[in-house]
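Analysis of the macromolecular model
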Amino acid sequence: MRLISLLTFSVLLTALSGCAAGSSPASGSAMASISGTLTYRQRIALPADAQVIVRLADVSRADAPAILMGEHSFVAQHQVPLPFTVEYDAGAILDTHIYALQAEIRDAQGELLFRNTTIYPAIIGGQVAESVEIILDMVSGQ
C-alpha cells in the first residue's frame with residue numbers, strides 16, 4: 001500500500017511539474033521580429049559611431065509608462081535610411097493591446113541627436129505591421 005501511494009505521488013508530482021514548466025513564458029515561447037527603416041528629414045550626416053536604439057513597447061495603458069517588449073541597438077555603419085529588426089516574445093503579445101516602435105540616435109558620447117515624436121504602431125489587434133518607416137526629429141539645440 002505504501003509503495004502504491006509513493007508511486008502515485010511521484011507520478012502526480014511529475015505531471016504537475018510538467019504543467020508548470022509548460023506554462024512558463026520562457027518555455028516554448030516563439031520569438032518573432034518586426035523590421036523597418038529609420039530616417040530623418042534634415043540634410044546632415046550622422047557622426048561617426050552614432051548609436052541607434054529601437055524599442056518595441058506596449059503603449060496600451062493610458063497615463064502609465066510603456067512596457068518594453070524588445071530592443072535592438074547598433075552602431076550606424078552608414079547614413080540614413082538605417083534598417084533595423086527588433087525581436088520580441090510573440091507569446092507575450094496580447095490582441096487587446098497596442099504596441100509601438102520608439103527610436104533614437106545618439107552620438108558616441110551618448111548625447112541625444114534624433115528621436116521619434118509621433119507614434120509608430122507596430123502591432124495592433126495581434127496584427128504585425130509589414131515594415132515600419134520611422135521618421136526621426138532632430139532634438140533642439142543641435
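Computed from a predicted structure; not experimentally measured. Throughout, residues of each chain are indexed from 1 in the direction in which the sequence is written. Under the rules for a predicted model, residues below a pLDDT of 70 receive no local features and side-chain atom pairs below 80 are neither given nor counted, while totals for whole chains, interfaces and linings still include all residues. Side-chain measures were taken over the full set of non-hydrogen atoms in the model, leaving aside hydrogen atoms and water.

Patches in this entry comprise residues that are over 30% relatively accessible and not in a salt bridge; like charges within 9 Å are linked, as are nonpolar side chains (Val, Leu, Ile, Met, Phe, Trp, Tyr) within 5 Å. Note on areas: these come from Shrake-Rupley sampling with a 1.4 Å probe, and a residue is covered only by the protein chains present in the view. For salt bridges, the criterion is a side-chain nitrogen of Lys or Arg within 4 Å of an Asp or Glu carboxyl oxygen. Together, V59, I98 and I124 give the surface a local cluster of nonpolar side chains, amounting to about 220 Å² of exposed area. Along the chain, the position of I124 falls in strand 7 (residues 120-124). Classification of I124 by relative accessible area gives partly exposed; the value is 46%. Secondary structure counts use DSSP, requiring at least four H or I residues in a row for a helix and at least two E residues in a row for a strand, with both numbered from the N terminus. Exposure categories follow from relative accessible area, calculated using a 1.4 Å probe and restricted to protein chains: below 20% of the type maximum is buried, above 50% is exposed, and the middle band is partly exposed.

Looking at where D107 falls in the secondary structure, it is placed in the loop between strand 5 (98-106) and strand 6 (112-115). Lys and Arg are tallied as positive, Asp and Glu as negative. Neither His nor the chain termini are counted. Buried charge without a partner: D107 forms no salt bridge, and the closest opposite charge is R106, 7.3 Å away. Here a polar contact is taken to be a pair of N or O atoms separated by no more than 3.5 Å, where protein atoms must pair a possible hydrogen donor with a possible acceptor and residues adjacent in sequence count only if both atoms sit in side chains. For D107, the side chain forms a polar contact with the main-chain nitrogen of Q109, separated by 3.0 Å. There is a polar contact of 2.8 Å between the side chain of D107 and the backbone nitrogen of E111. The contact criterion used is simple: two residues touch if any of their non-hydrogen atoms lie within 4.5 Å. Beyond its immediate stretch of four places on either side in the chain, D107 contacts P47, D49 and L113.

Turning to the pairing of strand 1 (residues 31-40), a few remarks are in order. Relative to strand 4 (residues 82-89), strand 1 is paired through eight bridges, and the arrangement is antiparallel. Note that in strand 4 the partner of M31 across the bridge is D89. Between any two strands, at least two bridges found by DSSP are needed for them to pair. For strand 1 and strand 9 (residues 132-138), the ladder comprises five bridges, and the chain directions are parallel. When the bridges of strand 9 are listed, Y40 appears paired with L136.

Moving on to the nonpolar core. Formed by 28 residues in total, the largest nonpolar core has its most connected members in L101, I105 and I134. Those elements that place two or more of their residues in this core are strand 1, strand 2 (51-58), strand 4, strand 5, strand 6, strand 7 and strand 9. Not counting residues within four places of it along the chain, the set of residues in contact with I134 comprises T37, L38, T39, F84, L101, A103, N116 and Y120. Joining through side-chain atoms within 4.5 Å is the link that ties buried Ala, Val, Leu, Ile, Met, Phe, Trp, Tyr and Cys residues into a set, and such a set is a nonpolar core.

Of all residues in the chain, 79% have pLDDT values of 70 or greater, and the mean over the chain is 84. Segment residues 1-27 is flagged for pLDDT under 50; beyond a separation of four residues in sequence, or across chains, it makes three contacts in the model. Confidence of the predictor in every single residue is expressed as pLDDT, which spans 0 to 100.

Before going further, it helps to examine the environment of S60. Within the secondary structure layout, S60 lies in the loop between strand 2 and strand 3 (67-75). Between the C-alpha atoms of S60 and H97, which are 37 residues apart in sequence, the distance is 5.3 Å. Sequence-distant contacts of S60, defined by excluding residues within four places in its chain, comprise H97 and I98. A polar contact of 2.8 Å, which involves the side chain of S60, links it to the side chain of D58. Looking at S60, its side chain comes within polar contact range of the main-chain nitrogen of I98, at 2.6 Å.

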